[in-house]
Amino acid sequence: MSRADVTAGAGAPAAPEETGQEPGQGSGPRPVRLAWTLGLFRSELSVTFRRWRTLALLAVLAAVPVLVGIAVKIETSDGGSIGGGGPEGGGGPAFIAQVTNNGLFLVFTALAATLPFFLPMAIGVVAGDAIAGEASAGTLRYLLVAPAGRTRLLLAKYVTTLTFCLVATLVVAASALAVGALLFPLGEVTTISGTRIGFGEGLLRALLIALVVAASLIGVAALGLFVSTLTSSGIAAMATTVGLLITVQIVDQIPQLHAVHPYLFSHYWLSFADLMRDPVYWDDLVKNLGLQALYAGVFGSAAWARFGAKDIAT
Amino acid sequence: MAPYEPEQDTNEADELSAGRRKAARYVVPLAVAGVAAATIGLVPALATSGDPDLPDVTAQELIEKIAASDTEQLSGTVKISTDLGLPSFGSGMTGGFAPGAGAGGAGEDGGEGGKGGSAADPSAKLMELASGTHTLRVAADGPDKQKLSVLDDAAEYSLIHNGDDVWAYDSASNEAYHSKDAGKGDKHGKQHDREGAKDLGKEVPSTPKEFAEQALKAADKSATSVKVDGSAQVAGRDAYRLVLKPKESGSTVGQITIAVDAKTGTPLKFTLSPAGGGSAVVDAGFTKVDFGKPAASTFDFRPPKGTKVTEEGDANGRHGKDGMGGRDLKGMEDGGLNVIGDGWTSIAELKTPGGQGLPTSGSGSDSGDVPPEAEKFLNSLGDQVKGDFGSGTVFKTRLINALVTDDGKVYVGAVTKDALVKAANAAH
């Protein structure tokens, strides 16, 4: 977003509060500005996380690993293995076959199960609500009365959404780890390459995977924020974001459209599993992070372009 | 200033310039997208620019260099794309043909096709490599320790050879396959032991080195034009390009290009182009390679608790019962495999056990079991041909063609349809 700020200075010199973070151009001294930004961010954060809607979303996310864990436990209670046998390796999300041996794998299974839909949907709700929700509630103009500037408000909203991405992912991972530890044995981890790593390193990789999954949602968050600046209806923004999410996932499944697949934000999502290889296979992980950064750059600046020039009537 | 109005100072600027400024803001996202697109387009082009300058070698020296190459320690990533032009209807058919494709000649080792049993069974899994694009990881440390992994989505299939043990581990189904006596496989030769994972690892070429060895073996020196065609960069290393071309007509192989590492003599990339033109049939090359010693833990596999392990003996017991198309081809080899000609245009002549009809890969051995609909379907896949030998059906892929005569003979080879008919006529 700093790029956006710099370009704002060049492209719209008549908007002094946008370039306020650059020394010498702001109307107040820098520390005050910074405090404002932090304060704005903190108030956004508390507003977001105190909403019942947000808490309900997090509760749903935390329930997914519980369901998966109990289902696996029941299915394997007679000593059988889950999804074993067929050459396809059974259905279900990735890593599910290993859950019975090691509860830590429930973290990976839960993330693989929630990443395609539950997590991005929750992000879509929060991101779509960010600007449009304020507009439809009529509170956007009051937010703008505070001398924070639109760019900084947008930035605070985006950082709040990203924080939600991280929190949501960690909620899934923590819930899965707790359920996995309760229902299944823990211990030495066998990577999918067949080598063994200690439980400590396994935990570290689980944390790394959670961070990568959270980073995989950066693109959706930026897209949702952009959609949110287009409309004054919170519901419409959320529905559009979730609709786009589903459309992109469907397009990603159509083999005839393989030419566009590498540019879809969801294409490399499952690459987080590459962290469980030994040695780690970085190629797709790097592609995923690069793609997310690209989406953040394009749609973040598009949101800035739209929001900065928009007439706020409500 | 009223903060809930647009940030442009509309009091002083006129409406037109305000509109222009509004539009100017959208230049930023467009510029970001443009820069990204340019980077994506330009970086690969810049990365591959320029072939390395290497001292000249003759083709003979280069082949000797490959033979003398004693690379024992290596790890790397291999990308393999196979496009036989087959419709993807199960592993039975592709399984039957693919190893022959790798050998660049007769389907001598055609046959460990799809069979029932463990998901971790090496033969079935490695046959998947016969179509599409796959990423593989290889690691080797001397003759006793090798590992080959097929990278799937969120799963991996590993074939690990460590001393006397051969393990295959399929992480998607959490199943393992174990065989103990890999070293004896060659002595026992024929039947079950040939299916030991080690042999399979060798017989089904998957690394550029194995492809290159197969190709050089298959290439009859006198019938092949071999030359060194400049240099290339493969996986960040300087390499010579060795080009093999069949001299005689009738082969479907256009040319084979092998990139040979200039320092170690290790083949780094193998490309087989069909005579008919178009994209390569087989393209296997390292994208990353390291000639250092891989970590010992790489080859250390113990099946995790709860993993279903299939021992080699168990698996063979099952194969006896429900072995499928591939096994039948195997039976045929024992019965009556006859190689006509040699070098590039060699054709394998097989007799189907039942004495007639089409070997419907994937179903039972007797063609009498094939329902008429299936027969019709199979016929529709091939071209009907007639000759002195009678009549038959030619099944075509981009590399391997097969002629199945109505009196139950099969001619398979990397040769054109005409060459197959000629061979059948001559054999008649």
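What you see is a predicted model, and the numbers here were worked out from it, not measured in a lab. (Residues numbered from 1 in each chain as written. Chains lettered and ligands numbered in written order. Predicted model: local features only at pLDDT ≥ 70, side-chain atom pairs only at ≥ 80, totals over all residues.)

Caption draft 1: Quick look at the overall build of chain A. Regarding its fold elements, chain A presents eleven helices and two strands. The secondary structure elements of chain A, listed N-terminal to C-terminal, are α-α-α-α-α-α-α-β-β-α-α-α-α. When burial is assessed residue by residue, chain A has 52% of its 314 residues classed as buried. Here the analysis covers contacts within chain A between residues at least 6 apart in sequence; of these, 73% occur between residues at least 24 apart. (Helix = DSSP H or I, 4+ residues; strand = E, 2+ residues; numbered from the N terminus. Buried ≥ 20, exposed ≤ 12 C-beta atoms within 10 Å, placed from the backbone. Contact = placed C-beta atoms within 7 Å.)

Caption draft 2: Inspection of the pairing of strand β11 (residues 282–290) of chain B at higher detail. All names here are of chain B. When strand β1 (residues 73–82) meets β11, the two strands line up antiparallel, connected through eight bridges. Note that in β11 the partner of S81 across the bridge is D283. Looking at chain direction, strand β10 (residues 267–274) and β11 are connected through four bridges and run antiparallel. Pairing of T271 across the sheet is with D283, part of β11. (Pairing = 2+ DSSP bridges.)

Caption draft 3: Representation of helix α9 (residues 218–230) of chain A within the structure. Residue and element names in this part refer to chain A. With 13 residues, α9 should cover 18 Å at 1.5 Å per step; its first-to-last C-alpha distance of 19 Å lies within 8% of that length. Among the 13 residues in α9, twelve count as buried, and that is most of the element. Here α9 has its buried residues at I218, G219, V220, A221, A222, L223, G224, L225, F226, V227, S228 and T229. Tucked into the core, α9 has its buried residues touching α5 (118–137), α7 (150–183), α8 (199–216), α10 (234–251) and α11 (283–308). (Expected span 1.5 Å × (residues − 1).)

Caption draft 4: The sheet that holds strand β18 (residues 409–413) of chain B, seen in detail. Residue and element names in this part refer to chain B. Spatial strand order, β13-β14-β18-β17-β16-β15: six strands in an open sheet with antiparallel pairing. Every other strand in the sheet has two partners, leaving β13 (338–340) and β15 (383–387) as the edge strands with one partner each. Ignoring which end each strand starts from, the neighbouring axes of this sheet average 25 degrees apart. The sheet contact formed by β13 and strand β14 (residues 347–351) spans three bridges and is antiparallel. (Axes fitted to C-alpha atoms, helices over the stretch in contact; angles between N-to-C directions.)

Caption draft 5: Focus on the nonpolar core. In this structure, V107, L111, I123, A221, Y295 and F299 of chain A are the most contacted members of the largest nonpolar core, which totals 99 residues. In terms of residue count, α7 of chain A provides more of this core than any other element does, 15 residues in total. Once you skip the residues sitting within four places of it in the chain, V107 of chain A turns out to touch A173, A176, L177, G180 and A206 of chain A. Counting 76 residues, the second-largest nonpolar core is a separate cluster that includes A176, A215, L272 and L420 of chain B. (Core = buried A, V, L, I, M, F, W, Y, C linked by C-beta atoms within 7 Å.)

Caption draft 6: The confidence of the model for chain B, seen in detail. All names here are of chain B. Per-residue pLDDT for chain B has a mean of 71; in total, 67% of the residues score no lower than 70. Low pLDDT (under 50) marks residues 88–116, which in the prediction has 114 contacts with non-local residues, meaning those over four places away or in another chain. Taken together, the stretch residues 182–203 has pLDDT below 50 and engages in 40 contacts with residues farther than four places along the chain or on a different chain. Predicted complex, confidence summary: ipTM 0.74, pTM 0.75. (pLDDT = per-residue confidence, 0-100.)

Caption draft 7: Structural context of the sheet that holds strand β2 (residues 132–141) of chain B. All names here are of chain B. Read across the open sheet, the twelve strands follow the order β7-β8-β9-β10-β11-β1-β2-β3-β4-β5-β6-β12; overall the sheet is mixed. Each of the sheet's edge strands pairs with one partner strand only, and the pair in question is β7 (224–234) and β12 (308–311). Strand-to-strand twist of the sheet, defined as the mean angle between neighbouring strand axes without regard to direction, takes the value 15 degrees. As paired strands, strand β5 (residues 165–170) and strand β6 (residues 175–179) are joined by five bridges and run antiparallel to one another. Pairing of W167 across the sheet is with H178, part of β6. Across the face of the sheet, helix α3 (residues 59–68) comes into contact with β7, β8 (237–246), β9 (253–261) and β10 while running at roughly 70 degrees to β7.

Caption draft 8: Examining the pairing of β18 of chain B more closely. All names here are of chain B. Among the five residues that make up β18, five are buried, leaving the element largely enclosed by the rest of the structure. Neither face of β18 is open: one carries K409, Y411 and G413, the other V410 and V412, and all of them are buried. The pairing of β14 with β18 spans four bridges and is antiparallel. Bridging across to β18, A348 finds its partner in V412. Hairpin geometry of strand β17 (residues 401–405) and β18 is characterised by an intervening segment of three residues between the two adjacent antiparallel strands and by a positive phi of about 95 degrees at G408.

Caption draft 9: Quick peek at the packing of α5 of chain A against α10 of chain A. All names here are of chain A. Where α5 contacts α10, the two axes come as close as 7 Å, and the packing angle between them is 150 degrees. Here α10 runs roughly antiparallel to α5, going by the angle between their axes. The way α5 lies across α10 gives a crossing that is right-handed. Contact with α5, carried on its side by P120, M121, G124, V125, A127, G128, D129, A132, G133 and S136, involves G234, A236, A237, M238, T240, T241, V242 and L245 of α10 and no other residues of that element. Here the contact of α5 with α10 is built from residues that sort into ten nonpolar, seven polar and one charged. (Parallel < 35°, antiparallel > 145°, perpendicular 65-115°, else oblique. Left-handed = near helix turned anticlockwise from the far one by under 90°. Nonpolar A, V, L, I, M, F, W, Y, C, P; charged D, E, K, R; others polar.)

Caption draft 10: Molecular detail of the environment of K310 of chain A. Along the polypeptide, K310 of chain A turns up in the segment after α11. Sequence spacing of K310 of chain A and L245 of chain A is 65 residues, and the spatial spacing of their C-alpha atoms is 25 Å.

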